Amino acid sequence: MKTDNHWSLMRERGSLLSLKVFFFFYKYGGRYLAVVILYPVILYFFVSGKTSRAASQKYLTKMHQTGCLSHKPSLWLSYKHFLNMGFAALDKVDVWLGKISMASINHVNYSVFESLYSANKGALIIGSHLGNLEICRALAKENSSACFNVLVFTEHAQKFNDFINSLHGDVKVNLIEVTEVGPDLAIILQNKISQGEYVVIAGDRTSTTVAGRVIYSDFLGQQAPFSQGPFILAGILQCPVLMMFCLKTESAVKPEYNVVFEELSSGVCWSRKTREIEITKLVNKYAKTLEKYCAQYPLQWFNFFDFWQRDSISRD
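Being a predicted model, the structure only gives us computed values, none of them experimental.

Looking at the overall build of the protein chain
Counting its secondary structure elements, the protein chain contains nine helices and nine strands. Across the 316 residues in the protein chain, those meeting the buried criterion constitute 48%. Pairs at least 24 residues apart make up 78% of the contacts formed inside the protein chain by residues separated by at least 6 positions. Here the protein chain has roughly 15600 Å² of accessible surface; of this, 54% comes from carbon and sulfur atoms.

Have a look at this one:
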């Protein structure tokens, strides 16, 4: 049986060309013009995106059922969910243009990261689609020697990376396009960790190539599949493992961003007998931490597909 609901099989509703066009309007018309354009564009995606709209409704319903939302979600709330994604895209442009400085960033649990950075010790950062990790470019700019290597499972990563670096090339963030985490990639990443760099990978997307390589953990009241890959990588690299979020807050004066660090492990180590147990512990801690911050920022989780869909169905 085949399905077309897996996130990797959903066509990207956008392209590098559209980003360049949007950037053109933003650069020469300012953020105001970009916002004016944003509303009808997001409305179009909301009306035409039946699958994404249903996924938003399902997620928000679970947030309500678990007490994270006080009111039953409406279509208007789903549209606001979509709008938050659009404004996150605008914030990315601000980062690329160097308009977001450390003055706009508040650090939460920064000591978790600072102790590693001060000791020139690398780490694996298992991120998510909650918030806007693109803000880590501002973090990298402030800490000029900090280098972030972001693993992405989409096409054209290098072209996208070249475009972004052409706008703001003094920031040390590398996008690495991968299809699967194999031995060759593990060696490359191990070298980067040993040099004091940081490897970033999303933990809330399942495998793009092989179904079933997941561990189920409770997330918003229902078992959801989490890919084993990032957590197996943690064991291979045997380094500190963190979670990092960048979450937007609306202040009275201007938007601010909370960059939050959470430690998942000071160093993963297991034997053949304990491997599955230790991976499961990591996944459960990751899922619980992700749920905690989703509850605080409910409209900033940008996974617009059925996250709870079972991952054992063949996608070949």
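So that's the structure; there's more coming.
What about the sheet that holds strand β4 (residues 173–177)?
Each strand in a sheet pairs with another by means of backbone hydrogen bonds, the pair being arranged parallel or else antiparallel. The strand order across the open sheet built from seven strands is β1-β9-β8-β2-β5-β3-β4, with neighbouring strands paired in mixed fashion. Both edges of this open sheet fall to β1 (105–108) and β4, since each of them pairs with a single strand only. Adjacent strand axes in the sheet meet at a mean angle of 25°, parallel and antiparallel pairs treated alike. Pairing between β1 and strand β9 (residues 255–265): four bridges, direction parallel. Counted as the bridge partner of I105 is Y257 from β9.

With respect to helix α4 (residues 110–118)
Those residues of α4 lying buried are Y110, F113 and L116. Projection of α4 onto a plane perpendicular to its axis shows the buried side chains occupying an angular sector of 140°, all on one side. In α4, the exposed positions that point more than 90 degrees away from the buried face belong to S111 and S118. Of the residues trailing α4, N120 is marked for its positive phi of about 55°.

The rules behind the values
Residues numbered from 1 in each chain as written. Predicted model: local features only at pLDDT ≥ 70, side-chain atom pairs only at ≥ 80, totals over all residues. Heavy atoms only, no water. Helix = DSSP H or I, 4+ residues; strand = E, 2+ residues; numbered from the N terminus. Buried < 20%, exposed > 50% of the residue type's maximum accessible area, 1.4 Å probe, protein only. Contact = heavy atoms within 4.5 Å. Areas by Shrake-Rupley, 256 points an atom, 1.4 Å probe, with all protein chains shown as cover. Pairing = 2+ DSSP bridges. Axes fitted to C-alpha atoms, helices over the stretch in contact; angles between N-to-C directions. Arc of directions from axis to C-beta.

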